[in-house]
Number of protein chains: 4
Amino acid sequence: MKIGYIGGGSHGWAHTLINDLLQCTDLAGDVALYDIDYEAAAQNAELANGLASRSDAAGNWTFGAYQDMHGALDGADFVICSIQDPVGETFVHDIDVPQEYGIYQTVGDTVGPGGIFRSLRAIPQYREIAAAVREQCPSAWVINCTNPMTVCTRTLYEEFPDINAIGLCHEVFEIQRLLADIAESYIEAADNVSADEINVNVKGINHFTWVDEAYWYDHDLFRYLDRELEARKPLPQFEPGELREESYWINHHQIAFDLYDRFGLLGAAGDRHLAEFVPWYLDIDDPEEIHRWGIRLTPSSARTAGGEGPAKMKRHITDEAGFEFVDSGEEVVDIMRALVGIEPIKTHVNYPNQGQVPDLTMGAVVETNAVITGGGVAPITAGELPREVRSMVMRAVNNQETLVEAGFAGDLDLAFQAFLNDPLVTIGRESAHELFADLVDIEREYLQAYNHDSIAGLKG
Amino acid sequence: MKIGYIGGGSHGWAHTLINDLLQCTDLAGDVALYDIDYEAAAQNAELANGLASRSDAAGNWTFGAYQDMHGALDGADFVICSIQDPVGETFVHDIDVPQEYGIYQTVGDTVGPGGIFRSLRAIPQYREIAAAVREQCPSAWVINCTNPMTVCTRTLYEEFPDINAIGLCHEVFEIQRLLADIAESYIEAADNVSADEINVNVKGINHFTWVDEAYWYDHDLFRYLDRELEARKPLPQFEPGELREESYWINHHQIAFDLYDRFGLLGAAGDRHLAEFVPWYLDIDDPEEIHRWGIRLTPSSARTAGGEGPAKMKRHITDEAGFEFVDSGEEVVDIMRALVGIEPIKTHVNYPNQGQVPDLTMGAVVETNAVITGGGVAPITAGELPREVRSMVMRAVNNQETLVEAGFAGDLDLAFQAFLNDPLVTIGRESAHELFADLVDIEREYLQAYNHDSIAGLKG
Amino acid sequence: MKIGYIGGGSHGWAHTLINDLLQCTDLAGDVALYDIDYEAAAQNAELANGLASRSDAAGNWTFGAYQDMHGALDGADFVICSIQDPVGETFVHDIDVPQEYGIYQTVGDTVGPGGIFRSLRAIPQYREIAAAVREQCPSAWVINCTNPMTVCTRTLYEEFPDINAIGLCHEVFEIQRLLADIAESYIEAADNVSADEINVNVKGINHFTWVDEAYWYDHDLFRYLDRELEARKPLPQFEPGELREESYWINHHQIAFDLYDRFGLLGAAGDRHLAEFVPWYLDIDDPEEIHRWGIRLTPSSARTAGGEGPAKMKRHITDEAGFEFVDSGEEVVDIMRALVGIEPIKTHVNYPNQGQVPDLTMGAVVETNAVITGGGVAPITAGELPREVRSMVMRAVNNQETLVEAGFAGDLDLAFQAFLNDPLVTIGRESAHELFADLVDIEREYLQAYNHDSIAGLKG
Amino acid sequence: MKIGYIGGGSHGWAHTLINDLLQCTDLAGDVALYDIDYEAAAQNAELANGLASRSDAAGNWTFGAYQDMHGALDGADFVICSIQDPVGETFVHDIDVPQEYGIYQTVGDTVGPGGIFRSLRAIPQYREIAAAVREQCPSAWVINCTNPMTVCTRTLYEEFPDINAIGLCHEVFEIQRLLADIAESYIEAADNVSADEINVNVKGINHFTWVDEAYWYDHDLFRYLDRELEARKPLPQFEPGELREESYWINHHQIAFDLYDRFGLLGAAGDRHLAEFVPWYLDIDDPEEIHRWGIRLTPSSARTAGGEGPAKMKRHITDEAGFEFVDSGEEVVDIMRALVGIEPIKTHVNYPNQGQVPDLTMGAVVETNAVITGGGVAPITAGELPREVRSMVMRAVNNQETLVEAGFAGDLDLAFQAFLNDPLVTIGRESAHELFADLVDIEREYLQAYNHDSIAGLKG
């Protein structure tokens, strides 16, 4: 079995995969690590091969670094994508420039000006990946771990409609954890409930998905939500500045519960993500105001190497000796095991809509549960969304579809339509245009697939 | 033939109808004027009967005032609705209270906090009208002239699905006038082009409808729009304060053209209305800022009796002697003539969607062209909207459908869902709630059909 | 103005057009007659030019014959299509071979084995026409008069999606005539009612379209249909053999009324056509059995030159001198006048579904009313069909869509799927295959655009 | 835990349930057997209680007979429905009377005249069941085992939209068995493959469902289907009369493969059922003709007590002593275990369409896979059907929806619309009516919920 890994020089995802594969006893083969930073991939390969030879490593895996994506994908059974633009030249701008216009983003990787520009940069890259898959391993299963999850996965299908691809994200697990805690609180028989014992009906799009049913065995957890909501009130519960010392990733589910309070469904992603899909939470004048909802803005500094970002939050594999295999909690290897027919798995995935959420656009990438077997990925029907929830979700779906269309056409004017309809773009019509043009200008190097005549002209 | 007129004490619409009927030679009968202000209806009746006896009055019409709506509708062939809440106690609040929260509205009768509260007040009234029609004249054609046009007309159908009702609005005529001017400018053969010579394909919802095709005979006017756009640039073209002396109803089509520039379709209503359906134009800190787009805010003072409102802008019929019959340009009488089989007419109407805009919600009230004959109203297919335009329109459609549902259920929490998703509600989540609760509180007398427990509780 | 006429050597349609154009005072220009039988086209041109010079001919038209379709279409404003395969080698087989298998067809030009093979032959021809239009006159309006109407018109759009094309058929006029008679019978005020005074709501597909509303001015004619139905009973009313001496085109509306009796809508085409869309009427063992429903089978002999076919039923223009200009009742010239902006017309047309019948396939060619102006063709919404009527119509729509797909792919196996699902193919599975293969074999010359391997192999 | 069993006096299903419950170690409780034949229910209860006390019986179950359905359902957690009209007075007519008109049915319980009349009789019964569930045990899960499966299950939801109900049928297991055999034949590694190792994508409606994907672990079995088809040719493979000595239930999958050959999907029910959904296979003149396709007609005699029917084919539980617990292969108990949260199961079920087959009518009962957990039944998306397959399936869906509507309205005229559109009703229009009226007449006792005026009048 061959796994091609695009972004194979990364620390987070790549190290987790190495950890997980080397503990899996029923899969074996080669992992081809490709990265535009070849050195990083080579270091990962060396490290992994060393670990693979340790006595406590199960499985039989060989790791190699590739300088060429096509070589890494040639004949692959699985392709994993986990890539990122240079943060300093992209993510920093995505966050900081809008802030000058009064637009605050808690994450900036999915919607908002940041999400839109990340999408515009990612689409050409993902077209290239899809084209390489078509050529080198058309039957492979592609597992995307990169944000913007929906746009990246959607691009793979737009470029190569016969591709087998899913997108994976952790956010729903957090909500299952929350619901496991609720089960423990309210059901006498429930002790040490693990997140994966919670059956949730998931529906929506990545980072703006919703749960309208939750069970622990046959216990309906929604019957406890109103009591839990009361216990968590007032919403918001915090003071500006109160979370100054907390992690940027802190989350109190205040927004998830506020959405439940107003719309009857639980927002099923971290509050940092949920906040960006509507204009009301981030209507702030100062970054610390958002603390009131129990979250912090992730500043651009947290994303860069020197910053206090995720790198600091996870113990990384740095040398073989000091490394201990852990239970990562990630599902990538379980999904691969399911797809080769070893053991089916039911989990939530990002996948083109073929009826699982029948009132969202068919073919758009949506997030719901699916059953994964040797026969592939079969999404589970999640049913329709209530009207006003659908209204909010469809706005994002439409924008994502428009961005993909704009990305394939290289049409910045079309992308600007999506920009104007973004929930965080509530600034004046001309400021919106100026901000868009500024971002195009400053990230021009990464937007070479686009025709710059029209928007550039408008700016002048 | 009998016409029941609900709101028959009004000056604007009622006087126009009197004028038009008394010039129509092929219709005759009785007009029953009903108004909650019976005196006003009686004055109108007296005036009209006097005019009817004048030698220059054609037709043979008798006018009578009614104190009871059911009596006025009993056996009617047509019902005309033109009603309004006491402005000082409703419209003034709709406009002024949101402004305290930083929400500026150019009109406030369709969307925005004002449009939402006007909807909430109108729904119970229109349920009552529909119920009276069902009982007194179930086959009559009901012509609604009241805003919020969509919600009022939709309510009629929700209460009495077999009703025959349409909503009429002037705004598209303005765009036809604009296009007639463009025809004159760009087509050598075109002189003295009248608005009704312009064939437009209309699609959308009232006050947020769009034109994507326009012809003068077989001349495609869209081929001149880009030149016209260039001629009208820069957009916006004005300075804050520049329109201080102008009428509140001034309109330079700057927003209609800006929407064309960005989305490829011409916004087909006055800019005052278009501006309220998106958050960008009214992101202002001072009322005069909006002058930049060639329009003014209509302040609440302009709506009240002493204000410099529409009353001052129209010559009204006040005494028989001094009255001259004029060509009002209104189509109500023409539409009645079509419906009794005299002469078909093609015009734009607000009517439940049965496929005329197939990508908007079926059954929602949409605005398109229709052919009106003795056989009734047959909407003309207008085709789909481009994705991002549909996204904006569907947001409003969803909100209107939610408001009607909330109005029938008396559910203010549900109405607040629509409020949160209103394009002008970009203020903080808690401020939004406070504003909503304030408006409920201050307009409580007109919202007696609603359950106040829930929202009231939230405010405390 | 230039009209390109494909099939310009024909007698029926071409002579009618000559007649109509030469009586039209506000159009003038050139008519380019193209026919694979150049001689016939040249004769028509000569005849027409002669007539054009007569003193009683209005308009200013020049007629010319072309040996090349592209030349005839070059720069045309209108294209008229009226073509036919050699009847003896195609239509005769379409009718006679199925009869050997027990399948009787009253017409055989739309559905049934005959309709299917006529479709398969027509699709490559209409692709060629659409390609020529794209190249020579992409903005021209194409008016198709050839059967199978739906498949031919649909093929034009499939080949060249931006084409402007409609299909015209007379059958609905007959139903308007029927309803005009009913108006005269039941409404005292109604005398000499002409068919075009009857407003009908038309919905369905050509030759299987339905009327669910009919008005003479504002008189609802459907309220008289039950009485009329009773007056026309028993259904069927005739005896086998009773119509032996009648025209093959005789029609008593027995089937239209039987469909009304069972489904509540009036079948809106001649009974000869309606009978072929369901299996029940033509379940006969002898051609004369069908007389019971007031119609006759049109035998293949009626189609050939020597037969007692339509040629005998219409007075043709054969020499200038003996010719008198008549009111043909055809609308082609009126439609051209509407499209150049002279006078709008409302009539029924075959046109891609964009919502006019929202429960039929979008993009499929459906038959409804439309308003035709200088701005083009705007279909009028006709609303949904009742479930069981939709079921019957959708079966035919699906088959037509499949045939077009098969025609473009050259895939006879796919065409056979439609054949098996044809309403008249109630014979055994293997006989169905044998009949299909027989027809492919015998009409092979006209099916050269298809891959014959698969079906041929199956036959062996 | 309480199980209410409607039809608890039956031999087949009831005995199987007793067998399965008494081998299940993790469920226990009461089973309330209700039957209109109380004696039969009482005998079953006595037998079951005796068995329950045997040492080899696991579980702790008590069985009781009820004379009143409401009592049996009072407080039930599960309701099982397995009922049947007196065969001699209904099923015999369903089969034999149509045969007099030349309509042969292989089963006659789903479509065809037999299926339609069985539906008409079942709808009032299932309304009563749904009403009793609503009153006695609204949260119970209802498992329907009765045919016509789709109509019965659909009726439950139409009467009580909040019901929790599924329909179970064995037919797809047969296709999984067939595919397991194919796996064994073509895949070297495959030995002793059990049916439940085969993952199929199921989509359609009960007895006319289809498989378009099949996997044994990650082996794609569809790649072997063409070879298997060739091996099974010629289709049909048998001679008339050849199966004279075989069981009435014999099945060679000739029709399933013929459908695969023509439409690319495998028909996923027994050929006896598949044959009835199209007119071609049963176009026979003699019952033995159908042998050619490897099946027999099930004559009415096989259904009656003295006949050689299913009673003879299954060993029944008749006395405690001689009884041995067996592995029934039924899933009812597994599904109950899943629904109480013990162990999830993935299987195919009949359930209202909420997007699992997005091109079939929403809300209609369709057959697809589902995941069943403590949280309920979550159908798995199966995707769209190819056009011509959808055309055939939609015809049946429309008829089933119409029958349910007719059953609720008591409208035999509406039911006759479905009758005319039934695939086996290819007889003449008047014969069709006569046959329908005959069946109404002869089964009148069971159709008392219907208004007989209209159809009766038509017959006279």
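Everything quoted here is computed from the prediction, not taken from an experiment.

Glancing now at the packing of helix α5 (residues 112–136) of chain A against helix α6 (residues 149–159) of chain A. All names here are of chain A. For the pair α5 and α6, interaxial distance at closest approach is 8 Å and the crossing angle is 45°. As far as their axial angle goes, α6 and α5 are oblique. Every pair of crossing elements has a handedness; the one defined by α5 and α6 is right-handed. Facing α5, whose interface residues are S119, A122, I123, Y126, R127, I129, A130, A131 and R134, α6 presents V151, C152, T155, L156 and E159. Along the lines of polarity and charge, the residues of the contact of α5 with α6 split into nine nonpolar, two polar and three charged.

The next subject is helix α13 (residues 387–409) of chain B. Residues and elements named next belong to chain B. Its 23 residues place the ends of α13 32 Å apart at the C-alpha level, agreeing with the 33 Å of an ideal helix rising 1.5 Å per residue. For α13, a buried count of 19 out of 23 residues is recorded, marking the element as mostly surrounded by other parts of the structure. The positive-phi residue at the C-terminal boundary of α13 is G410, with phi of around 65°.

To continue, consider the domain arrangement of chain A. Frequently, the measure chosen for interface size is the accessible area that the parts lose on association. Residues and elements named next belong to chain A. Parsing chain A into structural domains produces domain 1 (2–90 + 108–169) and domain 2 (91–107 + 170–298 + 330–460). Distance from the C-alpha centre of domain 1 to the C-alpha centre of domain 2: 23 Å. At the junction of the two partners, domain 1 supplies 52 residues and domain 2 supplies 62 residues. Between domain 1 and domain 2 the total buried area reaches about 5,000 Å² when both faces are included, carbon and sulfur atoms providing 71% of it. Counting across the interface, domain 1 meets domain 2 through four salt bridges. Taken together, the connections running from domain 1 to domain 2 amount to 19 residue pairs in polar contact (both at pLDDT 80 or more). Secondary-structure elements contributing two or more residues to the side of domain 1 that touches domain 2 are α1 (12–21), β4 (78–81), α5, β5 (141–144), α6 and β6 (164–167). It is α5 that contributes the most residues to the side of domain 1 that touches domain 2, 13 residues altogether. Looking at the side of domain 1 that touches domain 2 residue by residue, the class counts come to 26 nonpolar, 15 polar and eleven charged.

This brings us to the side chain of N201 of chain D. Residue and element names in this part refer to chain D. Looking at the element boundaries, N201 is found in strand β7 (residues 198–205). Here N201 falls in the buried class, since its relative accessible area comes to 12%. There is a polar contact of 3.0 Å between the side chain of N201 and the side chain of D212.

Residue and element names in this part refer to chain D. Judged by which residues are buried, strand β5 (residues 141–144) turns out to be covered on both faces: W141 and I143 on one side and V142 and N144 on the other are all buried. Looking at chain direction, strand β4 (residues 78–81) and β5 are connected through four bridges and run parallel. Considered in β5, the bridge of V79 is made with V142. Note that β5 and strand β6 (residues 164–167) share four bridges and pair parallel. Bridging across to β6, V142 finds its partner in A165. For the handedness criterion, the β-α-β arrangement of β5, helix α6 (residues 149–159) and β6 is classed as right-handed.

Residues and elements named next belong to chain A. An ideal rise of 1.5 Å per residue puts 36 Å on 25 residues; α5 measures up with 35 Å between its terminal C-alpha atoms. Of all the bends in α5, the largest measures some 30° and sits at A122, one to four residues before the proline P124. Within α5, 18 of the 25 residues are buried, which leaves it mostly tucked inside the rest of the structure.

All right, on to the interface of chain A and chain D then. Across the boundary between the two partners, chain A contributes 25 residues, which contact 25 residues of chain D. The contact between chain A and chain D buries some 1,700 Å² in all, and 58% of this surface belongs to carbon and sulfur atoms. Applying the counting rule to chain A against chain D returns zero salt bridges. One can count four residue pairs in polar contact (both at pLDDT 80 or more) joining chain A with chain D. Looking at the side of chain A that touches chain D residue by residue, the class counts come to eleven nonpolar, ten polar and four charged.

Before going further, it helps to spend a moment on the interface of chain B and chain A. Opposite the 35 residues of chain B that make contact, chain A presents 35 residues. Carbon and sulfur atoms supply 43% of the area buried between chain B and chain A, which totals about 3,300 Å² over both sides. On the chain B side of the interface with chain A, the three residues burying the most area are R262, W280 and R429 of chain B, jointly 24% of the side's total. Between chain B and chain A we count eight salt bridges in total. The partner of D413 of chain B in a salt bridge is R262 of chain A, and the shortest N-O contact between them spans 3.1 Å. Looking at the side of chain B that touches chain A, the elements that each hand over two or more residues are α9 (254–263), α13, α14 (412–420) and α15 (429–442) of chain B. Among the elements that make up the side of chain B that touches chain A, the one with the highest residue count is α13 of chain B (eleven residues).

When chain B is fitted to chain A, the residual RMSD is 0.0 Å, and the transformation amounts to a turn of 180° plus an axial shift of 0.0 Å. Here the copies are linked by what is in effect a two-fold axis. Residues of chain B ranked by C-alpha distance from the rotation axis are headed by T426 of chain B, positioned 3.4 Å from it. Looking at the interface residues of chain B, 100% of them are also at the interface in chain A, so both copies use one shared face.

To continue, consider the state of the cysteines. Residues and elements named next belong to chain B. Taken as a whole, this structure holds zero disulfides over all chains when the rule is applied. The thiol of C137 is unpaired, and the distance to the nearest cysteine sulfur, on C81, comes to 9.7 Å. Using a relative accessible area of 3% as the deciding quantity, one classes C137 as buried. Note on C145: no disulfide assigned, nearest cysteine sulfur contributed by C81 at a separation of 7.8 Å. When its relative accessible area of 10% is taken as the criterion, C145 is described as buried.

The subject of this paragraph is the packing of aromatic side chains. Counting across every chain of the model gives 64 aromatic pairs over all chains. Plain terms: the ring middles of Y157 of chain A and Y351 of chain A are 6.2 Å apart, the flat faces sit at 80° to each other, and that makes the pair edge-to-face. Linking Y157 of chain A in helix α6 with Y351 of chain A in strand β11 (residues 345–352), this pair joins segments that are 194 residues apart in sequence. Y157 of chain A gets classed as buried once you look at its relative accessible area, which sits at 12%. The class for Y351 of chain A is buried, based on a relative accessible area of 12%. When the centroid spacing of 4.3 Å and the interplanar angle of 0° are considered together, the rings of F208 of chain D and F277 of chain D count as stacked. Separated by 69 residues along the polypeptide, F208 of chain D in strand β8 (residues 208–216) and F277 of chain D in the loop between α10 (271–274) and α11 (310–313) bring together distant segments of the chain. Classification of F208 of chain D by relative accessible area gives buried; the value is 0%. Through pairs of rings, three or more aromatic residues link up here, namely F117, F416, F419 and F436 of chain A.

Here the focus is the confidence of the model for chain A. All names here are of chain A. Here chain A averages 94 in pLDDT, while 96% of its residues score no lower than 70. Residue range residues 307–315 is modelled with pLDDT below 50. Its contacts to residues more than four positions away, or to other chains, number 16 contacts. Interface confidence in the predicted complex, given as ipTM, is 0.96; pTM for the same model is 0.96.

At the C-alpha level, the nearest point of chain A lies 15 Å from chain C, with no contact between them. Regarding chain B and chain D, the two do not touch, and the least distance separating their C-alpha atoms is 15 Å.

For the rest of this paragraph, the subject is the nonpolar core. Residues L179 and L266 of chain A together with L179 and L266 of chain B are the most contacted members of the largest nonpolar core, which totals 183 residues. Every residue in contact with L266 of chain A, bar those within four places of it in the chain, is listed here: I175, L178, L179, T209, W210, V211, L225, A256, F257 and Y260 of chain A. Membership of the second largest hydrophobic core comes to 182 residues, among which are L235, A396 and L414 of chain C together with L435 of chain D.

Bringing the environment of E213 of chain B into the picture now. Within the fold, E213 of chain B resides in strand β8 (residues 208–216). Here E213 of chain B falls in the partly exposed class, since its relative accessible area comes to 36%. Separated by eleven residues in the primary sequence, E213 of chain B and V202 of chain B place their C-alpha atoms 8.0 Å from one another. Each residue touching E213 of chain B, except ones within four places of it in the same chain, is listed here: N199, V200, N201 and F222 of chain B together with G375 of chain C.

Criteria and cut-off values
- Residues numbered from 1 in each chain as written.
- Chains lettered and ligands numbered in written order.
- Predicted model: local features only at pLDDT ≥ 70, side-chain atom pairs only at ≥ 80, totals over all residues.
- Heavy atoms only, no water.
- Axes fitted to C-alpha atoms, helices over the stretch in contact; angles between N-to-C directions.
- Helix = DSSP H or I, 4+ residues; strand = E, 2+ residues; numbered from the N terminus.
- Parallel < 35°, antiparallel > 145°, perpendicular 65-115°, else oblique.
- Left-handed = near helix turned anticlockwise from the far one by under 90°.
- Contact = heavy atoms within 4.5 Å.
- Nonpolar A, V, L, I, M, F, W, Y, C, P; charged D, E, K, R; others polar.
- Expected span 1.5 Å × (residues − 1).
- Buried < 20%, exposed > 50% of the residue type's maximum accessible area, 1.4 Å probe, protein only.
- Domains from an automatic or database assignment.
- Buried area = accessible area lost by both parts, 1.4 Å probe.
- Salt bridge = Lys/Arg side-chain N within 4 Å of Asp/Glu carboxyl O.
- Polar contact = N/O pair within 3.5 Å; in protein donor to acceptor, adjacent residues only side chain to side chain.
- Pairing = 2+ DSSP bridges.
- Right-handed = clockwise from strand over helix to strand, strands pointing away.
- Bend = angle between axes of the 7 residues up to and from the residue.
- Least-squares fit on C-alpha atoms with pLDDT ≥ 70 in both.
- Disulfide = S-S within 2.5 Å.
- Phe/Tyr/Trp six-rings, centres within 6.5 Å; stacked < 30°, edge-to-face > 60°.
- pLDDT = per-residue confidence, 0-100.
- Core = buried A, V, L, I, M, F, W, Y, C linked by side-chain atoms within 4.5 Å.

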